[in-house]
Amino acid sequence: MIIIPGLSATATLAQSDGRTTAKQWEAARAYDRAHQSRYENPGSFVRIGRVKWKKGVLIDFMADVILDAAVKRGRVSQADFDQVAIPKAVVTEHRNEAFQRALVMEPRLPFMLEG
């Protein structure tokens, strides 16, 4: 039996279009009992904490943001970095390196930007 993500085995079995047997129901209940904590508190399996990026990865990501904004609108602003959750302090600290990296990735970048 394939279990639908987010549902218990018995709930998945209840969604079945075909006939179900008592043996299938017992197997589904046994599976649910064995994996009970997953259904009682599904959020316990996901933990999102604070992420610290390596400098090189951050610079590459910022360069991608710069290129994407330059292609779409011809300018880059703090709002572009806000959309990808890069704070202003980080942008201020690394913007020159990110722009240099973007130039390496796309040498025509200065001609793509307005003004």
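From a predicted model like this one, the values you see are computed outputs, not experimental measurements.

The rules behind each value
Residues numbered from 1 in each chain as written. Predicted model: local features only at pLDDT ≥ 70, side-chain atom pairs only at ≥ 80, totals over all residues. Heavy atoms only, no water. Helix = DSSP H or I, 4+ residues; strand = E, 2+ residues; numbered from the N terminus. Polar contact = N/O pair within 3.5 Å; in protein donor to acceptor, adjacent residues only side chain to side chain. Phe/Tyr/Trp six-rings, centres within 6.5 Å; stacked < 30°, edge-to-face > 60°. Buried < 20%, exposed > 50% of the residue type's maximum accessible area, 1.4 Å probe, protein only. Contact = heavy atoms within 4.5 Å. Salt bridge = Lys/Arg side-chain N within 4 Å of Asp/Glu carboxyl O. Bend = angle between axes of the 7 residues up to and from the residue.

We now examine the environment of Arg33. Here Arg33 lies in helix α2 (residues 22-34). The spatial distance from the C-alpha of Arg33 to the C-alpha of Ser8 is 9.9 Å, given a sequence separation of 25 residues. Side chain to side chain, Arg33 and Glu26 meet in a polar contact 3.3 Å long.

Take the packing of aromatic side chains next. Evaluated as defined, the whole model comprises 1 aromatic pair. Seen in terms of ring centroids, Trp53 and Phe61 are 4.9 Å apart; in terms of plane orientation they differ by 50 degrees. Their pairing is tilted. The partly exposed category is assigned to Phe61, whose relative accessible area is 26%.

Here His94 lies in helix α6 (residues 88-105). Classification of His94 by relative accessible area gives buried; the value is 9%. Sequence-distant contacts of His94, defined by excluding residues within four places in its chain, comprise Lys55, Leu58, Ile59 and Met62.

In this section: the pattern of salt bridges. When their charged atoms lie close together, side chains carrying opposite charge are able to pair. A full pass over the atoms with the stated rule returns 7 salt bridges. Between Lys55 and Glu97 there is a salt bridge; the shortest N-O distance is 3.2 Å. Pair noted here: Lys55 is in helix α4 (residues 55-73) and Glu97 is in helix α6, with a separation of 42 residues, a long-range link. Among the residues examined, Lys55 registers a relative accessible area of 46% and is labelled partly exposed. Asp60 is the partner of Arg101 in a salt bridge, and the nearest nitrogen-oxygen pair spans 2.7 Å. Linking Arg101 in helix α6 with Asp60 in helix α4, this pair joins segments that are 41 residues apart in sequence. Note on Arg101: relative accessible area 31%, which makes it partly exposed. For Asp60, a relative accessible area of 33% gives the class partly exposed.

With that settled, the discussion passes to α6. A maximum bend of about 60 degrees is found in α6 at His94. Those residues of α6 not exposed but buried are Val91, His94, Ala98 and Ala102. The inward-facing, buried residues of α6 contact α4, α5 (78-83) and α7 (109-112).

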